[in-house]
Amino acid sequence: MEEAKPLLTLTKSRLIEPTPSLSSQSQSLLETLNGLCSFYCSADLASFLFSDMFSELAGQGPTWIVFEAGVYLDHTKTVEIILKDSEILTIYSDQVFPSSNQDDFTQIIQHWHDDVMEI
């Protein structure tokens, strides 16, 4: 029996402002996100992005960091993810798709995934 593969990935893409002072927990999370993290479904990624832990890392002060979400099976297919003012901004096809809750983000990222994978 073949093991299920993750659907999406997330990693730190780049800094757009200097890194603010971080708690040790946020620093550890940032170090983890320097690598490629995987998620088995869009709802899992949404849950992580709307978690207190992620908000504490990326939501402090002005926007300073950009993340990249991608398709696990094709790492060339990516979108940018930014946390700004308690909203997650998903950027692809020269458009910005804001989401203020997990359900909205889940729909946005799943639609993007299905579109780039032509499902």
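Right above here is the structure, for reference.
One structure accompanies this document, and this report is about it. Please read all numbers here as calculations on a predicted model, not as lab measurements. (Residues numbered from 1 in each chain as written. Predicted model: local features only at pLDDT ≥ 70, side-chain atom pairs only at ≥ 80, totals over all residues. Heavy atoms only, no water.)

**A look at the overall build of the protein**
Selection criterion: Helix and strand definitions follow DSSP, with helices as H or I runs of at least four residues and strands as E runs of at least two, each counted in order from the N terminus. The reference for a compact globule is 2.2 Å times residues^0.38; the radius of gyration itself is calculated from the C-alpha atoms. The cut-offs for exposure are 20% and 50% of the maximum accessible area for each residue type, with area from a 1.4 Å probe on protein chains only; residues under the lower value are buried, those over the upper are exposed, and the others partly exposed. Whether two residues are in contact is decided by their heavy atoms, any of which lying within 4.5 Å being enough. Charged residues are defined narrowly, with Lys and Arg counted positive, Asp and Glu counted negative, and His plus the chain ends left uncounted. To locate a charge, the coordinates of NZ of Lys, CZ of Arg, CG of Asp or CD of Glu are taken.
Helix and strand counts for the protein stand at 4 helices and 6 strands. Starting at the N terminus, the α and β elements of the protein follow one another as β-α-β-α-α-β-β-β-β-α. In terms of overall dimensions, the protein is globule-like: its C-alpha atoms have a radius of gyration of 14 Å, near the 14 Å expected for 119 residues. Overall, the protein is about 45 × 35 × 25 Å in size when its C-alpha atoms are taken along their principal axes. Evaluated residue by residue, the protein yields a buried proportion of 36% over its 119 residues. Of the contacts formed within the protein by residues at least 6 apart in sequence, a portion of 64% connects residues at least 24 apart. Side chains of the protein give 5 positive and 18 negative charges; the mean places of these two sets differ by 7 Å.

**Quick word on unusual backbone geometry**
One non-glycine residue, Ser-93, lies in positive phi territory at about 55°. For Ser-93, the position within the fold is in the loop between β5 (87-92) and β6 (95-99). For Ser-93, a relative accessible area of 57% gives the class exposed. The phi dihedral of Asp-94 falls on the positive side, at around 60°, and the residue is not glycine.

**Overview of the packing of aromatic side chains**
In this description, a pair of aromatic rings is defined by centroid distance and the angle of the planes. Where we set the bar: Stacked, tilted and edge-to-face pairs are distinguished by plane angle, under 30 degrees for stacked and over 60 for edge-to-face with tilted covering the rest, among Phe, Tyr and Trp rings (Trp via its six-membered ring) whose centres lie within 6.5 Å.
Counted by the stated rule, this structure contains 5 aromatic pairs. Between Tyr-92 and Phe-97, the aromatic rings sit 4.7 Å apart at their centres with planes inclined by 20°, giving stacked as the arrangement. When its relative accessible area of 12% is taken as the criterion, Tyr-92 is described as buried. With a centroid separation of 6.4 Å and an interplanar angle of 55°, the aromatic rings of Tyr-92 and Trp-112 are classed as tilted. Of this pair, Tyr-92 sits in strand β5 while Trp-112 is found in helix α4 (residues 102-116), placing the two residues 20 residues apart along the sequence. Trp-112 carries the same exposure label as Tyr-92, and that label is buried.

**Description of the sheet that holds β5**
Spelled out, the test is: Here, strands pair whenever DSSP counts at least two bridges between them. Orientation is described by axes fitted as lines to C-alpha atoms, over the contacting stretch for helices, and by angles from 0 to 180 degrees between their N-to-C directions.
With respect to topology, 6 strands assemble into an open sheet ordered β2-β1-β3-β4-β5-β6, the strand pairing being antiparallel. Pairing within the sheet leaves two strands with one partner each, and these edge strands are β2 (37-39) and β6. Recorded for the sheet is a direction-independent mean angle of 30° between the axes of neighbouring strands. Of the pairings in the sheet, the one linking strand β1 (residues 8-15) to β2 comprises 3 bridges and is antiparallel in character. Bridge pairing in β2 links Leu-8 to Phe-39. Contacting β1, β2 and β3 (65-71), helix α1 (residues 24-33) crosses the sheet at an angle of about 110° to β1.

**Quick word on the pairing of β6**
Here β5 runs beside β6; their pairing, made up of 5 bridges, is antiparallel. Directly across from Leu-89, in β6, lies its bridge partner Pro-98. Taken together, β5 and the strand that follows it, β6, pair antiparallel across an intervening segment of 2 residues, in which Ser-93 is found at a positive phi of about 55°.

These figures capture arrangement, not role.
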